[in-house]
Amino acid sequence: LSHAFKTHQDAKYVIIVEEDMVVSPDFFEYFRVVGGLYEVDDSVYCISTWNDNGFKGRVKDPKRLLRSDFFMGLGWMASRKIFQDEWVRNWPDSHWDHWIRDPKNRKGRECIYPEVSRNRNVGRKGEHVDDKFYKRFLSTIQYTEDVESALSLYDAVKGEQTAYDEELGKIFQVANISTPVRDLERHKKGVFAFYFDDAPRRGNHVWETHEKDPWAKLAREFGLWHEFRAFRQGLVRFWHEDNYLLLVQKDSPAHQALQQIHGGDEVMRITPGESLAPAGPPKRIVIGAQQESCTEACRRHQMRCSEGHLVTLNDCDEMRKYVQCEVCETNGGGDLPAKVVAKDHSNYGKCLTNTHPFSCDGSHKVTRRFCPCV
């Protein structure tokens, strides 16, 4: 960074991208438009093209900007002013991203990032990445390939703190705060808010969680990061099927704001284990044909796939009720839970549970899916 700013004396910013990234058509246009927020908003200390929770099925709007307390560094733009005035003298020898996330360096400021990422990672192996990590956290990141998704100046202005908070307030106003999560299957195109019990921070960093903490459990069920990534003031938001969900930590600023907007009424609590499964069983469990999605499998029976019920099938004992599973392992993919039926595949005969977001539309050439139809 020092070399880049020294070499390019007129540059106000430097874009940093890892060498194993593929970028969207509007990657540089995004920075050109959104970068102006550095000039008008002192609450911004990072502008990124990456959404840590930007998994397929959890994002939809490529023109929506979000803000987070968490630094997202897989494709970001650094400010000369912040780097030279604050960072360069104390820059660490390693784990610079953790160092930037430290509250002493963040100073209450926030990172701007898009709902739909503008880059994706194609490196399966690296210093901190192995194949398992890649499949879980990087392989299913949604990124836009449509040049028509480029943000306008109007879209970028919505990321400025005052405008952003006003827009978020409008979302809070229309949010349904009293619907149990098990009833989400009955609703389409709604906004629903829930609070979850928080736990004391156990890690060395404020965003870390323990695997038994409420958020870590909920995140696994929704197919999100188990750490407090993409959170802002206790709020994380994402899409689930056609509904927009707002999850807030108990007693956080976001939780308090929701209650205040709704006249003091309590927000519905969400607990691990109840997150996705709708009330009542599906009408029928269909074992799809090889390389057939659950959408297609249920349609053959004049029914539709219930994405919410996929979580109940995502269990080795549950799958063994329908097929023989001598070996059952955890994996990740949009075609899971499923059984590998291709005889030439290394996992032939295994049943696989899913750690990624659930989808009725996923399919794979080597698997047959377990499909809940309603």
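Below: a short report on this structure. The structure presented is a predicted model; accordingly, all values stated were derived computationally and were not measured.

### So, the overall build of the chain
Of regular secondary structure, the chain possesses 14 helices and 15 strands. The C-alpha extent of the chain, read off along each of the three principal axes, is 65 × 55 × 45 Å. Across the 374 residues that make up the chain, the buried fraction comes to 52%. Across the chain, contacts joining residues at least 24 apart in sequence account for 72% of those joining residues at least 6 apart. Counting only carbon and sulfur atoms, one obtains 47% of the accessible surface of the chain, whose full area is about 17900 Å². In the chain, which carries 53 positive and 56 negative side-chain charges, the distance between the mean positions of the two groups comes to 4 Å.

### Some remarks on the pattern of salt bridges
Under the definition given, this model contains 23 salt bridges. Among the salt bridges present, the one from Arg-229 reaches Asp-52, with a minimum N-O distance of 3.6 Å. Taken together, the residues span a long stretch of sequence, with Arg-229 in the loop between helix H10 (214-222) and strand S9 (235-240) and Asp-52 in the loop between strand S3 (44-48) and strand S4 (65-68) at a distance of 177 residues. Comparing Arg-229 with Asp-52, the two get one shared label, buried. The shortest N-O distance in the salt bridge between Lys-350 and Glu-329 comes to 3.1 Å. Of this pair, Lys-350 sits in the loop between strand S13 (338-340) and strand S14 (351-354) while Glu-329 sits in strand S12 (residues 328-331), and the two are 21 residues apart along the sequence. Owing to a relative accessible area of 32%, Glu-329 belongs among the partly exposed residues under this scheme. In the salt-bridge network here, residues are joined through shared partners; they are Asp-41, Arg-67, Glu-110, Asp-165 and Arg-232.

### Some details on a nonpolar patch on the surface
Taken together, the side chains of Ile-15, Val-17, Val-23 and Phe-28 make up a nonpolar region of the molecular surface, amounting to roughly 320 Å² of accessible area. Relative to the helices and strands, Phe-28 resides in helix H2 (residues 27-34).

### Concerning the nonpolar core
The biggest cluster of nonpolar side chains holds 48 residues, and the ones touching the most others in it are Phe-194, Phe-196, Trp-215, Leu-245, Leu-246 and Leu-247. Those elements that place two or more of their residues in this core are helix H7 (131-138), helix H9 (161-174), strand S8 (191-196), H10, S9, strand S10 (243-249) and helix H11 (253-261). Examining the composition of this core, we find that six residues originate from one element, S8, more than from any other. Residues within four places of Leu-246 in sequence aside, it is in contact with Ile-171, Phe-172, Ala-175, Val-191, Phe-192, Ala-193, Phe-194, Leu-235, Val-236 and Arg-237. Core analysis: the second largest hydrophobic core is formed by 27 residues, Phe-31, Val-33, Leu-37 and Val-44 among them.

What counts as what
- Residues numbered from 1 in each chain as written.
- Predicted model: local features only at pLDDT ≥ 70, side-chain atom pairs only at ≥ 80, totals over all residues.
- Heavy atoms only, no water.
- Helix = DSSP H or I, 4+ residues; strand = E, 2+ residues; numbered from the N terminus.
- Buried < 20%, exposed > 50% of the residue type's maximum accessible area, 1.4 Å probe, protein only.
- Contact = heavy atoms within 4.5 Å.
- Areas by Shrake-Rupley, 256 points an atom, 1.4 Å probe, with all protein chains shown as cover.
- Lys, Arg positive; Asp, Glu negative; His and termini not counted.
- Charge placed at Lys NZ, Arg CZ, Asp CG, Glu CD.
- Salt bridge = Lys/Arg side-chain N within 4 Å of Asp/Glu carboxyl O.
- Patch = residues over 30% accessible without salt bridge, like charges linked within 9 Å, V, L, I, M, F, W, Y side chains within 5 Å.
- Core = buried A, V, L, I, M, F, W, Y, C linked by side-chain atoms within 4.5 Å.

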